[in-house]
Amino acid sequence: MLAMASSIKVLGTPNDVIHSRFPIHCLDFKSSISRINGISFGVKEESKRASMDLRNNKKIPYVKGINEGEKDLKNEKLEALWDDGVGTQSMNDYFDYAKELIRHDGGPPRWFTPLSCGPPLKDSPVLMFLPGIDGVGLGLIMHHKSLGKVFHVKCMHIPVQDRTPFPELVEWVEEALKFEHSVSPNKPIYIVGDSSGGCLALAVAARNPQIDLVLILANPATSFDRSTLPLLLDSLEILPDQLHATVPYLLGLALVVDPMKVLRLNINNPMLHPMQFFKQLTGNLAALRLCIHDLDEILPKETLIWRLKQLKHAAAYANSRLHAIKAQVLVLASGKDDMLPSGEEAWRILGSIQNCEIRCFKDNKHNILMENGFNLLTIIKGTGTYRRTKNRDLVVDFLPPSLSEFKQLLENYRWYHSYTSPVILSTMEDGTIVRGLSGVPREGPVMLVGYHMLMGLEIFPLIAEFLRERGIMVRGIAHPSLFSHLLEGETKEFSVCDFVRLYGALCVSPSNLFKLLGMKSHVLLYPGGAREALHRKGEEYKLFWPEEPEFVRMAARFGATIVPFGGIGEDDIANGWNVRRGWEPTFISSDTFTKDSGWPAVLPVWETNSDGGKR
């Protein structure tokens, strides 16, 4: 794996050279020589993956780079609480790398893979990123590390001075798409289209209904004619040159980055000292000024006008072919998009494409992929969009939650832990009762069999504690209603259905249980089901199990360890029993969190009553 790439030469045109400090692996398929830091590396003739000259339709070997043993570094699977690199890249990195990528930026469009993506899992599908109006191809910079674990990421870069018409761009992407399909015909190909890249993705999908495609469209610009962009385009063409020094760049800034988010960076903490607040605000203002200056190189006046005209054509082209799209489509729509009516457009696309889902994010703006707190891989996993073959396998294709996702879970349910103060006990082999989960076998297959308390809310602390203390992902067998579209709600925001999928729940079925035990998983089973969770008054701690629990036979077949468990207190808390009797929980807090340390929320120590006694 290349550490740093200072010069990657790609033949095809005399000026087709990228000089960059940004660590990338160029995949333009037009060179037999890779030149890194002044050292030339020849092509391995016996390479598994061949590349293709997209102009002459000739296959040439693929440039592997320095490390020919890259395939040996590929992981077999992800462990629970894996590091997805969220928060390690920022908007400043985007501008730093963009300035390097566009330096001496000649030649036609090309593909590149950032080395920060790293080697993906075995049999991972290809993900092709089509950029927005900036054309740099770094719109996924905050997601490179997470996506690079489960995808072969390829980013499209359009040079600043490139004037390729939209139909030719469609054909160029189509050629690369067909090549990837010929290499792995049984795998889906993912295309992430950002804004104007969404129009390009839809156009390519409409022309290739025979290829298994998964489109992920972030605020697609198919609503160009119903936005303010046509008016702004007309204004840019007639404005005097003196005003062109500010207006085009401010427009580009709104399309690439939200100015207010840059100003609010790291100053939202209410406990921040006034001196620190103004110091950070001053730094943010300076950073915003640099952003505007950098856009002078990324989006010059002529380039911005050209790409807005190209976008007008792209939107019309894509809209006329929506009926022909057979691909699986996921639309991500921002509720505060100042450039496009993305919310309305998402619903229109939902009604125009057969296999389409949408997710709305009411607090995000146009460039949602570059906003802090938005994790694209989390959305892909939660919506059940990730798969490695034509048909998704809920067991094999499951990706365990990452460390950042787990921290977000604990933050979202801080109130629940504060209110209920859950305590988990287990029994060792010698009969000793200990606090924690030391008595539960670490190696599977293990079947956890218990009964539901009120509403089944005991699941949250149980799953979380297994992850925090043992690093074990417990796969729950859930009622089919939890995967129904009826629970998504009319707003189409990230819902309960997405949450249970994210944390490994599967619809109850013999085949799913068979697969999980066959993979030596830890399985959570409630034989009483929804009836037990929705028990009536006076039915506390009453079992609603079937007379002949069939799970015992399946557990015996795989030699699984059955761990029975139960819980108490949830119905009492719901009835206000603790409050009436003067019980007051006492907590200790922790400010930091790592995989091996405690909760970031409050932790229960014991409970004291009004008389000073303890229990």
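Our structure's up above, just so we're on the same page.
*Asks:* Sorry if this is basic, but what is going on with the overall build of the chain here?
*Replies:* The helix and strand inventory of the chain stands at 21 helices and 23 strands. With 615 residues in all, the chain has 53% of them scored as buried. Pairs at least 24 residues apart make up 76% of the contacts formed inside the chain by residues separated by at least 6 positions.

*Asks:* Please explain the packing of helix α4 (residues 196-207) against helix α10 (residues 301-319) as it appears in this structure.
*Replies:* In a packed pair of helices, the relevant descriptors are the angle between the two axes and the axis-to-axis distance. Put simply, α4 and α10 touch, their axes get as near as 9 Å, and they point 40° apart. For the pair α4 and α10, the sense of crossing is left-handed. Of the residues in α10, those touching α4 at Ser196, Cys199, Leu202, Ala203 and Arg207 are Leu311, Ala314, Ala315, Tyr317 and Ala318. For the contact of α4 with α10, the per-class residue count stands at eight nonpolar, one polar and one charged.

*Asks:* I tried to follow the nonpolar core on my own but got confused; where do I start?
*Replies:* Counting residues in each nonpolar core, the largest one holds 52 residues, and the members touching the most others are Phe151, Leu369 and Leu376. Sorting elements by how many residues they give to this core places helix α1 (residues 91-101) first, with six residues. Setting aside its immediate chain neighbours within four residues, Phe151 contacts Pro120, Ser124, Pro125, Leu127, Tyr190, Leu377, Ile380 and Tyr386.

*Asks:* Explain the sheet that holds strand β17 (residues 446-450) here, please?
*Replies:* The strands that make up a sheet pair up through hydrogen bonds in the backbone, lying either parallel or antiparallel. On the basis of which strands lie adjacent, the open sheet formed by five strands has the order β19-β18-β20-β17-β21 and parallel pairing. The open sheet terminates on both sides in strands that have one partner only, identified here as β19 (506-507) and β21 (561-565). Pairing between strand β18 (residues 474-478) and strand β20 (residues 522-525): three bridges, direction parallel. The partner of Arg475 across the bridge, within β20, is Val523.

*Asks:* What should I look at first to understand α1 in this one?
*Replies:* Note on helix geometry: an α-helix contains 3.6 residues per turn, so any two residues three or four positions apart are oriented the same way. Among the eleven residues in α1, eight count as buried, and that is most of the element. Residues Met91, Asp93, Tyr94, Phe95, Tyr97, Ala98, Glu100 and Leu101 constitute the buried set of α1.

*Asks:* I'm lost on the pattern of salt bridges in this one. Help?
*Replies:* Any two side chains of opposite charge can pair, on the condition that their charged atoms come close. Applying the stated criterion across every chain, the model contains 19 salt bridges. With a shortest N-O distance of 2.6 Å, Arg348 and Glu345 are connected by a salt bridge. On the criterion of helical spacing, the pair formed by Arg348 and Glu345 is a turn pair, its members being three residues apart in helix α11 (residues 342-352). Residue Arg348 is classed as partly exposed on the basis of its relative accessible area of 30%. What makes Glu345 buried here is its relative accessible area of 0%. Residue Glu539 is joined to Arg536 by a salt bridge in which the shortest nitrogen-to-oxygen separation is 3.7 Å. Here Glu539 falls in the buried class, since its relative accessible area comes to 13%. Overall, Arg536 belongs to the exposed group, its relative accessible area being 55%. Among the ionic contacts, a cluster of salt bridges with common partners joins Glu357, Arg359, Asp498 and Arg501.

*Asks:* What am I meant to see in the environment of Lys542 here?
*Replies:* Along the chain, the position of Lys542 falls in the loop between α18 (529-533) and α19 (551-558). Looking at Lys542, the relative accessible area reads 45%, which means it is partly exposed. In the structure, Lys542 is positioned 14 residues away from Gly528 in sequence and 9.5 Å away in space, judged by C-alpha atoms.

*Asks:* Mind showing me how you'd approach the pairing of β17 here?
*Replies:* Consecutive residues of a regular strand have side chains that alternate between opposite faces of the sheet. Among the five residues of β17, five are classified as buried, and the element is accordingly described as predominantly covered. Burial along β17 is two-sided: the residues Val446, Leu448 and Gly450 and Met447 and Val449 are all buried. In this sheet, β20 lies alongside β17 in parallel orientation, the contact comprising four bridges. The residue bridging Met447 from the neighbouring strand is Val523, located in β20. Here β17 pairs with β21 via five bridges, running parallel. When the sheet's bridge partners are listed, Met447 is paired in β21 with Ile562.

*Asks:* Would you take a moment to explain a nonpolar patch on the surface for this structure?
*Replies:* Side chains of Val423, Leu425 and Ile433 sit close together on the surface and give an oily, nonpolar patch of about 310 Å² of accessible area. The residue Leu425 is located in strand β15 (residues 425-427) in this model.

*Asks:* Quick question: what am I supposed to make of the side chain of Ser196 here?
*Replies:* Mapped onto the secondary structure, Ser196 falls in helix α4. With residues near it in sequence (within four places) discarded, Ser196 still touches Pro131, Gly132, Ile133, Ala221 and Leu311.

*Asks:* Explanation requested: the environment of Val86 in the structure shown.
*Replies:* Looking at where Val86 falls in the secondary structure, it is placed in the loop between β7 (58-61) and α1. Residues in contact with Val86, not counting those within four places in the same chain, are Asn375 and Ser404.

*Asks:* I tried to follow the packing of aromatic side chains on my own but got confused; where do I start?
*Replies:* The relation between two aromatic rings is expressed through the spacing of the ring centres and the mutual angle of the planes. Counted by the stated rule, this structure contains 15 aromatic pairs. Centre to centre, the rings of Phe151 and Tyr190 are 4.8 Å apart; their planes meet at 65°, and the pair counts as edge-to-face. Highlighted residues: Phe151 in the loop between α2 (144-150) and β10 (152-157) and Tyr190 in strand β11 (residues 189-194), separated in sequence by 39 residues. Among the residues examined, Phe151 registers a relative accessible area of 1% and is labelled buried. Their ring planes at 85° and their centres at 5.3 Å tell us that Phe361 and Phe374 sit as a pair that is edge-to-face. With Phe361 in strand β14 (residues 356-361) and Phe374 in the loop between β14 and α12 (376-382), the pair connects residues that are 13 residues apart, well separated along the chain. One exposure class covers both Phe361 and Phe374, and it is buried. Its guanidinium or amino end placed over the ring of Tyr317, Arg321 lies 3.7 Å from that ring's centre, counting from NZ or CZ.

Rules used throughout
Residues numbered from 1 in each chain as written. Predicted model: local features only at pLDDT ≥ 70, side-chain atom pairs only at ≥ 80, totals over all residues. Heavy atoms only, no water. Helix = DSSP H or I, 4+ residues; strand = E, 2+ residues; numbered from the N terminus. Buried < 20%, exposed > 50% of the residue type's maximum accessible area, 1.4 Å probe, protein only. Contact = heavy atoms within 4.5 Å. Axes fitted to C-alpha atoms, helices over the stretch in contact; angles between N-to-C directions. Left-handed = near helix turned anticlockwise from the far one by under 90°. Nonpolar A, V, L, I, M, F, W, Y, C, P; charged D, E, K, R; others polar. Core = buried A, V, L, I, M, F, W, Y, C linked by side-chain atoms within 4.5 Å. Pairing = 2+ DSSP bridges. Salt bridge = Lys/Arg side-chain N within 4 Å of Asp/Glu carboxyl O. Patch = residues over 30% accessible without salt bridge, like charges linked within 9 Å, V, L, I, M, F, W, Y side chains within 5 Å. Areas by Shrake-Rupley, 256 points an atom, 1.4 Å probe, with all protein chains shown as cover. Phe/Tyr/Trp six-rings, centres within 6.5 Å; stacked < 30°, edge-to-face > 60°. Lys NZ or Arg CZ within 6 Å of the ring centre and 35° of its normal.

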